[in-house]
Structure formats: C-alpha cells, structure tokens
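# What the coordinates show
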Amino acid sequence: MTVPTGRRERKKAATRQKIADTALQLFLERGYDAVGIRDVAAEADVAVTTLFSHFASKEALVFEQDDNFEQRLTQAVTDRAPHEPLIPALRREILAMVRHCTADGSAPIYRMIEESRALREYEESMRLRHAESLATAIAADPDLSRSATACRTIARFVAEAYALAREADDPQAAVDEIFRMIEAAWEVA
C-alpha cells in the first residue's frame, strides 16, 4: 500500500486503520456476530457515517487489506520486468501474501472467518473480484497473448491458490505444488 503524502491523506489513512484495528479487536474479543457497526464506531470514537466512508460493510472491516491485495496481484502482472515470465511473478506475490496472512497471530482471524457464513461469503466474492481484476491485467498485456478464457481461468487458479495455501499445513509447499499445476495450465493455454 502506498504511503499517503499529504496531511489530510495521512489523517484519513490513520482513521481508517484505527477503525479496522478497533473492529478486529472487538470481533476477536466478543465474536463477529455479537459486535455491531455502532459498537465499532463508538469504540473507535468516530461517527457511523465516518466508518461507512471508509468501509462499505461490516464484513469489509475484517478484510481491510482487500484493496491492497487486489492491487498487488495486478501489479505482479503490470510491474514485472520486461520479458519476465508471468507465472513466477504471480507465484512470488501469492507466496508473499500467504506469508503475510499466516504470520503469528493470524489464526484467530481465520478461525473467525471460518465460523461466520457472512465472512466466508464475503471472502469468496472478494476472491472472485480479485480474479477478475487479475484476468483483466493479464489480458491487457500484449506480451502474453492468450484468450480471455485462458486469462480468466489462470486468474481464478491464482486467486484460489492463495486460499488453498493459506489453509495448508505447509503453505510454502502448497504454493509450490499449486503453481506447478498453474504453470502447466498456462503452457497449454
């Protein structure tokens, strides 16, 4: 995520982070379903309208890095070095994201997600949106020249790779195994 440069942007980012941190703390302490938007706003000392100016829904509070992850995936395509193969660039980014999300202290968050139908559904829709953005970035790259179907398929595989590896006992090994399959699929596309 880029660091805001102006005072106003820094204050806005700090408020957003304070709301997200407060929400996560409350959700983990009391349970996701037991905490309402008003509870989060009151604890973060912001108005409910301020909360909604930063987050579109209660579920979005849990996935506050959503935009950053989506941007990182597309940038793995658009910012890779000239003639760098696509799949290794995506593998590196997915591995970095998996490491971030499996770091110490993240288990209670993913346990909370697994226990909430609303959060699981939100995460699935988020993953599909990320895959569509990634597919668009892949399709727009003139060096890759694959069909729209191939781009969308690979993008969905990559988005699912993140979820599967995050849940694996050995995330690194899972990323390696999954990306061998993705590489093979990309080669035949």
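Residues numbered from 1 in each chain as written. Predicted model: local features only at pLDDT ≥ 70, side-chain atom pairs only at ≥ 80, totals over all residues. Heavy atoms only, no water.

Moving on, we come to the pattern of salt bridges. A side chain with one charge can pair with a side chain of the opposite charge if their charged atoms come near. All chains considered together, the criterion is met by 13 salt bridges. Across the pair Glu132 and Arg156 runs a salt bridge whose closest N-O atoms are separated by 3.7 Å. One end of the pair, Glu132, is in helix H8 (residues 117–140); the other, Arg156, is in helix H9 (residues 148–167), with 24 residues separating them in the sequence. Glu132 gets classed as partly exposed once you look at its relative accessible area, which sits at 30%. (Salt bridge = Lys/Arg side-chain N within 4 Å of Asp/Glu carboxyl O. Helix = DSSP H or I, 4+ residues; strand = E, 2+ residues; numbered from the N terminus. Buried < 20%, exposed > 50% of the residue type's maximum accessible area, 1.4 Å probe, protein only.)

Space left empty within the atom packing is revealed by a probe, the size of a water molecule, rolled over the atoms. Here the largest pocket is characterised by a volume of approximately 400 Å³. Lining the largest pocket are 22 residues, and of these Val62, Gln65, His100, Ile109 and Tyr110 sit closest to its centre. Contributions of two or more residues to the lining of the largest pocket are made by helix H1 (7–30), helix H4 (58–62), helix H5 (66–78), helix H6 (86–101), helix H7 (107–115), H8 and H9. Sorting elements by how many residues they give to the lining of the largest pocket places H1 first, with 4 residues. (1 Å grid on protein atoms, 1.4 Å probe; cavity = no way out; pocket = protein on both sides within 12 Å on 5 of 7 lines; lining within 4 Å. Points joined across faces, edges and corners; volume = space filled by probe spheres on them.)

Our focus in this paragraph is the confidence of the model for the chain. Residues at a pLDDT of 70 or more form 98% of the chain, whose mean pLDDT is 91. For the chain, the element scoring lowest by mean pLDDT is H7, at 87; helix H2 (residues 37–44) scores highest, at 96. (pLDDT = per-residue confidence, 0-100.)

Taken as a whole, this structure holds 1 cavity of 30 Å³ or more when the rule is applied. A volume near 80 Å³ is recorded for the largest cavity. Taken together, Phe69, Leu73, Ile94, Met97, Glu123, Met126, Arg127, His130, Ala159 and Tyr162 make up the full set of residues lining the largest cavity. Mapped by element, the contributors of at least two residues to the lining of the largest cavity are H5, H6, H8 and H9.

To continue, consider the side chain of Arg16. Mapped onto the secondary structure, Arg16 falls in helix H1. No salt bridge is formed by the buried Arg16; the nearest opposite charge belongs to Glu64, separated by 4.7 Å. Look past the residues within four positions of Arg16 in its chain and what remains in contact with it is His54, Phe55 and Glu64. (Lys, Arg positive; Asp, Glu negative; His and termini not counted. Contact = heavy atoms within 4.5 Å.)

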